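# Notes for the structure review
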Amino acid sequence: MIETFSLSISRDGGKTPAVSSLCLRVESGESCALLGANGAGKSTLMLSLVGLAPILSGRAEVCGLEVAKKNLRRIRALAGLVFQNSDDQLFCQTILEDVAFGVENLGFSRGESLETAREWLEKFSISNLADRSPHGLSEGEKKRAAICGVAAMRPEIMLLDEPSAQLDPRGKRELAELLNSFPQTKIISTHDLDFADFRGGSRRREARGARGNRRNPRRRGAARALPTRLTGQSGVDKRGGRVSLAAYFFIMVDMATIEGLCKRRGFIYRSSEIYGGF
């Protein structure tokens, strides 16, 4: 589970908050999509949950552990972060070694780590990249390899920053299906509404008091963050199982955007559940 309490965080060590007074709760096994304009603070929030962005005030908890220096080693073993820029994550000579690196750091032997890495490369349909250097890959291939490296460590929580970026339509669809098969808690930052609308068994998402960075608002009214609670309607997937549409946590979007998205995606929208007061 992930929970934040009036969390204010900064970007690049500055004193100006990128996100202010954020209250968010994501239960174990749930999937949550973060939607917002560029510069709204989505990536900064992801970084803060593993101790890579400074917390100015408030606090965050990951699996019951407060995000603080004394707990970072345990938190980073529980929560795996896929960076927005894959070049920040891939640094070994080959993709096989890169995927095995994280597994080996969990205490497995070199042989076990390489075997696990090969299994996960096969799951991600990128076994053909095993012996290739990250520097010679396309951006889409790098993204898949980076996600594979985090998934191979089997974290309890997966934090994915723009995972569908640089992927073609088939790649996005295959990635969404693969992520749906994972039981972990997932928080996904994305601009891709179709990718965000995967079936993850989520029922409700709550966020209160969030404020995105006010720089460079994309449209009139977007400078205020308007967190909302959306209740997903139940549906039936292609396999006949009951599912619930994932609800979304919004950063730095205007009312018209929220209402329009609810209408397009078939969500129940209740204006009484919008928290303002900024």
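For the structure, check the block above.
Small disclaimer: the values here were computed from a predicted structure and weren't measured.

Right, let's get into the pairing of strand S1 (residues 2-10). Of all nine residues that make up S1, seven are buried, and the element is covered over most of its length. Here S1 pairs with strand S4 (residues 55-62) via six bridges, running antiparallel. Across the sheet, Glu3 pairs through a bridge with Glu61, a residue of S4. The pairing of S1 with strand S2 (residues 17-26) spans six bridges and is antiparallel. The residue of S2 that forms the bridge with Ile2 is Val26.

Counted according to the given criterion, the structure contains four aromatic pairs. Where Phe91 meets Phe101, the ring centres are 5.1 Å apart and the plane angle is 85°; that geometry is what we call edge-to-face. Residue Phe91 is found in the loop between strand S6 (79-82) and helix H3 (95-105), and its partner Phe101 is found in helix H3; the two are separated by ten residues along the sequence. Exposure remark for Phe91: the relative accessible area of 52% places this residue in the exposed category. We classify Phe101 as partly exposed; its relative accessible area is 37%. Plain terms: the ring middles of Phe124 and Phe182 are 6.5 Å apart, the flat faces sit at 45° to each other, and that makes the pair tilted. With Phe124 in the loop between helix H4 (110-123) and helix H5 (139-151) and Phe182 in the loop between helix H6 (169-180) and strand S8 (185-189), this residue pair connects regions lying 58 residues apart in the sequence. Judged on exposure class, the residue Phe124 and its partner Phe182 are both buried. An aromatic cluster of three or more residues is present, and its members are Trp120, Phe124 and Phe182. Over the ring of Phe5 we find Arg59; its NZ or CZ atom is 4.0 Å from the centre of that ring. The ring centre of Trp120 lies 4.0 Å from the NZ or CZ of Lys123, which sits over that ring.

On to the packing of H3 against H4. Across the interface, H3 lies against H4 with an axial gap of 8 Å and an inter-helix angle of 120°. Our classification of the angle between H3 and H4 gives oblique. For the pair H3 and H4, the sense of crossing is right-handed. Contacts between H3 and H4 pair Ile95, Leu96, Glu97, Val99, Ala100, Val103 and Glu104 from the former with Arg110, Ser113, Leu114, Thr116, Ala117, Arg118 and Leu121 from the latter.

Counting 33 residues, the largest nonpolar core has Ile95, Leu121, Phe124 and Phe182 as the members making the most contacts within it. Only H3, H4, H5, strand S7 (157-161) and H6 provide two or more residues apiece to this core. Here the element with the most residues in this core is H5; it accounts for six residues. Formed by 25 residues, the second largest nonpolar core is a distinct cluster that contains Leu45, Val67, Ile75 and Leu81.

Attention shifts here to the side chain of Thr94. Within the element layout of this structure, Thr94 appears in the loop between S6 and H3. For Thr94, a relative accessible area of 17% corresponds to the buried category. Leaving out residues up to four positions away in the same chain, Thr94 has contacts with Ala130, Asp131, Arg132 and Pro134.

So, how was this worked out
Residues numbered from 1 in each chain as written. Predicted model: local features only at pLDDT ≥ 70, side-chain atom pairs only at ≥ 80, totals over all residues. Heavy atoms only, no water. Buried < 20%, exposed > 50% of the residue type's maximum accessible area, 1.4 Å probe, protein only. Helix = DSSP H or I, 4+ residues; strand = E, 2+ residues; numbered from the N terminus. Pairing = 2+ DSSP bridges. Phe/Tyr/Trp six-rings, centres within 6.5 Å; stacked < 30°, edge-to-face > 60°. Lys NZ or Arg CZ within 6 Å of the ring centre and 35° of its normal. Axes fitted to C-alpha atoms, helices over the stretch in contact; angles between N-to-C directions. Parallel < 35°, antiparallel > 145°, perpendicular 65-115°, else oblique. Left-handed = near helix turned anticlockwise from the far one by under 90°. Contact = heavy atoms within 4.5 Å. Core = buried A, V, L, I, M, F, W, Y, C linked by side-chain atoms within 4.5 Å.

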